[in-house]
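Commentary on secondary and tertiary structure
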Amino acid sequence: MNAKSTLCRETLASIEPHLLSPEWREPRVGIVHLGIGNFHRAHEAVYTEEAMLAAGGDWGICGVTLQGDVAKRDALMAQDGLYSVIERGPDGVRVTVVRALKEVLAMPYDRTRLFALLADENVRIVSLTVTEKGYCRDTKTGDVDRDHPGIAHDLTHPQEPSTVPGILSAALALRREAGTPPFTVLSCDNLSHNGAALKQAVVSFARARDAALADWIDTQVAFPSTMVDRIVPSTTDADREAASHALNMEDAAPGPCEPFRQWVIEDRFPAGRPAWEKAGAQLVDDVMPFEIAKLRMLNGTHSTLAYLSMLAGFATIDEAIAHAPLKKLIHAMMTQEIAPTLDVPPSFDVLAYRDALLARYANAALKHRTAQIAMDGSQKIPPRLLATIEARLNAGQSIERLALAVAAWLVFLRGHADDGTRYEISDPMAARLTANVPDEPEQLVETMLAIKEVFPPELARRDDFRRPLHAAIVRLQGGARAAIEHYAALA
Ligand code: CS2
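Residues numbered from 1 in each chain as written. Predicted model: local features only at pLDDT ≥ 70, side-chain atom pairs only at ≥ 80, totals over all residues. Heavy atoms only, no water.

Turning our eyes to something else, we now look at the overall build of the protein. If you tally the helices and strands in the protein, you get 21 helices and eleven strands. Here the C-alpha atoms of the protein give a radius of gyration of 23 Å, agreeing with the 23 Å that 2.2 N^0.38 yields for 491 residues. Each of the three principal axes of the protein carries a C-alpha extent, and together these read 60 × 60 × 45 Å. By the burial criterion, 58% of the 491 residues in the protein qualify as buried. A fraction of 77% describes how many contacts in the protein between residues 6 or more apart in sequence connect residues 24 or more apart. (Helix = DSSP H or I, 4+ residues; strand = E, 2+ residues; numbered from the N terminus. Rg over C-alpha atoms; globule rule 2.2 N^0.38 Å. Buried < 20%, exposed > 50% of the residue type's maximum accessible area, 1.4 Å probe, protein only. Contact = heavy atoms within 4.5 Å.)

A few words now on the UniProt feature "domain: Mannitol dehydrogenase C-terminal" (unreviewed entry) in the protein. UniProt marks residues 286-470 with the feature "domain: Mannitol dehydrogenase C-terminal" (unreviewed entry), using the numbering shown here. Helix makes up 64% of residues 286-470 and strand 0%. Its end C-alpha atoms lie 38 Å apart. (UniProt positions renumbered as here; feature names shortened; annotations may be inferred.)

The next point concerns the environment of T421. Within the secondary structure, T421 sits in the loop between α16 (400-412) and α17 (430-434). Spatially, the C-alpha atom of T421 lies 39 Å from that of L82, the residues being 339 residues apart in sequence. Apart from the residues within four sequence positions on either side, T421 is in contact with G415 and H416. Here the side chain of T421 touches D419 through a polar contact of 2.6 Å, side chain to side chain. (Polar contact = N/O pair within 3.5 Å; in protein donor to acceptor, adjacent residues only side chain to side chain.)

What surrounds the ligand is the set N190, V228, D229, R230, K294, L298, N299, H302, H368, I373, K380 and R384. Between the ligand and the protein, one listed contact pairs an oxygen atom with a side-chain N or O atom of K294 at 2.6 Å. Here H302 contributes a side-chain N or O atom positioned 2.8 Å from an oxygen atom of the ligand. Its free accessible area being 340 Å², the ligand has 90% of it covered by the protein chains. (Near = heavy atom within 4 Å. Areas by Shrake-Rupley, 256 points an atom, 1.4 Å probe, with all protein chains shown as cover.)

Ordered by their spatial adjacency, five strands build an open sheet running β5-β2-β1-β6-β7, and the pairing between neighbours is parallel. Each edge of the open sheet carries a strand with a single partner, namely β5 (101-106) and β7 (184-187). Recorded for the sheet is a direction-independent mean angle of 20° between the axes of neighbouring strands. This element, helix α4 (residues 111-119), spans β1 (29-34), β2 (60-65), β5 and β6 (125-128) of the sheet and lies at about 130° to β5. (Pairing = 2+ DSSP bridges. Axes fitted to C-alpha atoms, helices over the stretch in contact; angles between N-to-C directions.)

With that settled, consider the state of the cysteines. By definition, a disulfide links the sulfur atoms of two cysteines through a covalent bond. All chains considered together, the criterion is met by zero disulfides. Free of any disulfide, C136 has its nearest neighbouring cysteine sulfur in C188, separated by 17 Å. Since its relative accessible area comes to 8%, C136 is described here as buried. The thiol of C257 is unpaired, and the distance to the nearest cysteine sulfur, on C188, comes to 16 Å. (Disulfide = S-S within 2.5 Å.)

On to the sheet that holds strand β9 (residues 255-257). In space, the three strands of this open sheet follow the order β4-β3-β9, with mixed pairing throughout. If you trace the sheet from one side to the other, it starts and ends with β4 (92-98) and β9, each paired once. When the angles between neighbouring strand axes are averaged without regard to direction, this sheet yields 25°. Sheet topology note: the strand β3 (residues 83-89)/β9 ladder contains three bridges and is parallel. Paired with E87 across the bridge in β9 is C257. The sheet contacts of helix α2 (residues 44-55) involve β3 and β4, and relative to β4 the element is tilted by about 65°. This element, helix α9 (residues 237-247), spans β3, β4 and β9 of the sheet and lies at about 105° to β3.

Packing of helix α12 (residues 324-338) against helix α13 (residues 350-361) leaves a shortest axis separation of 10 Å and a crossing angle of 150°. The orientation of α12 with respect to α13, classified from their angle, is roughly antiparallel. Between α12 and α13 lies a crossing of right-handed hand. Between α12, through K327, I330, H331, M334 and T335, and α13, the contact on the second element is made entirely by L351, R354, D355, L357, L358 and Y361. The class makeup of the residues in the contact of α12 with α13 is six nonpolar, two polar and three charged. (Parallel < 35°, antiparallel > 145°, perpendicular 65-115°, else oblique. Left-handed = near helix turned anticlockwise from the far one by under 90°. Nonpolar A, V, L, I, M, F, W, Y, C, P; charged D, E, K, R; others polar.)

Below, the discussion takes up the packing of aromatic side chains. Taken as a whole and assessed by the stated rule, the structure comprises nine aromatic pairs. When the centroid spacing of 6.3 Å and the interplanar angle of 45° are considered together, the rings of W409 and F455 count as tilted. One end of the pair, W409, is in helix α16; the other, F455, is in the loop between α18 (441-449) and α19 (457-460), and 46 residues separate them in sequence. Residue class for W409 comes out buried when judged on its relative accessible area of 1%. When the ring centre of W59 is taken as reference, the NZ or CZ atom of R124 above it lies at 3.8 Å. (Phe/Tyr/Trp six-rings, centres within 6.5 Å; stacked < 30°, edge-to-face > 60°. Lys NZ or Arg CZ within 6 Å of the ring centre and 35° of its normal.)

Below you can see the structure in the form of structure tokens.
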């Protein structure tokens, strides 16, 4: 059987049904995106292509892998930056080839090309999906963590930066020296106040080297915040097969996702932006209500499902939410413990949002692995669960289900499910977290709450946090499924 051809821009007409439109003008690069994972390619890149189709503009994307993933770079570049998005939902599968990604670079190998683009006045936006750990922040101050090995390197080797703060600081220094207007820095990560958080990391990095540059960044560079939402699992062989079957071509980098997507963006782009509103994005003055709601209602319950599932033996989110007691627990957690902490406009129907999330979780076509969500807990637990817990405790309200979620993470750190199945702990702090994970509940509380990078001391010493946390760990000692039953039965 003849080998199938590879995706390429010359033969796109042959797969027209899988294009967002038969019309297309090849754009120049206007956006550099740091972090070329599945999420960006199924989210911002799709919005950006639709925006260009609707209103034109040179908003082609150059994607950058900061982890030196030359295999991903070469795979995408071998097919002209093209790839397919595999939407999987109750109504079936939809395969769309995305054209907005024009070039892919891999740091540190392509540093020269990257900085040539970052200095190019037509590059007016630098966006990022580097996950919480990519900001290299001191969790207590929000400034860049100078003890972070990458930061320490970049501070002493400013011409060879490898971290996000180092790269952005060096690129903005070039623009300032050349008199080129700065690009807008657009965080697309699951962090509270993500734009401000990134700005503080970059400004504090710059200040460690050049106060005048730091002041310029602080006053002249826009760091709008955004809320991004689309469930995008890791790619599987089933995705490659779906792309090959639909396109009759080989796609080395297909990405699966759910049909749902949402993007809420603070509209602060002094150098201009794509017409993302024409692709359905919401451009607002204040993204915070949307960002906090999504971080706490979706990401908070995602992490809760992930850790309880890793202990109970549910491999995917749809399998977990199909377990009736667990669905009842999550429903009550959203309704009774998370929703009351949200400050959203009257038009935001929180209970309808809850129901929509539960329907999205039930999407059996997606197979979103709980192990994937369970990664990086040290970075995810604070913004997704601890912030909600602090809000509840400060209001004198109960946190039983939220405490169970944190307890499930602590028990998860023992590295085995209730049935003894072992799993790896994938986390930037894995060595520190797993050095000592006591079996005895009181010792587990003491040991873990002493980790200041995760648990703020003022929260760690609160009895109204420690007590429900300890009680939840005791419950989990009897098995996650029994604990789920118990907490699902709470009034
Ligand atoms: C998930 C998120 O992997 C995870 O931690 O909770 O990637 C989640 O799927 C997205 O934020 C949904 O928008």
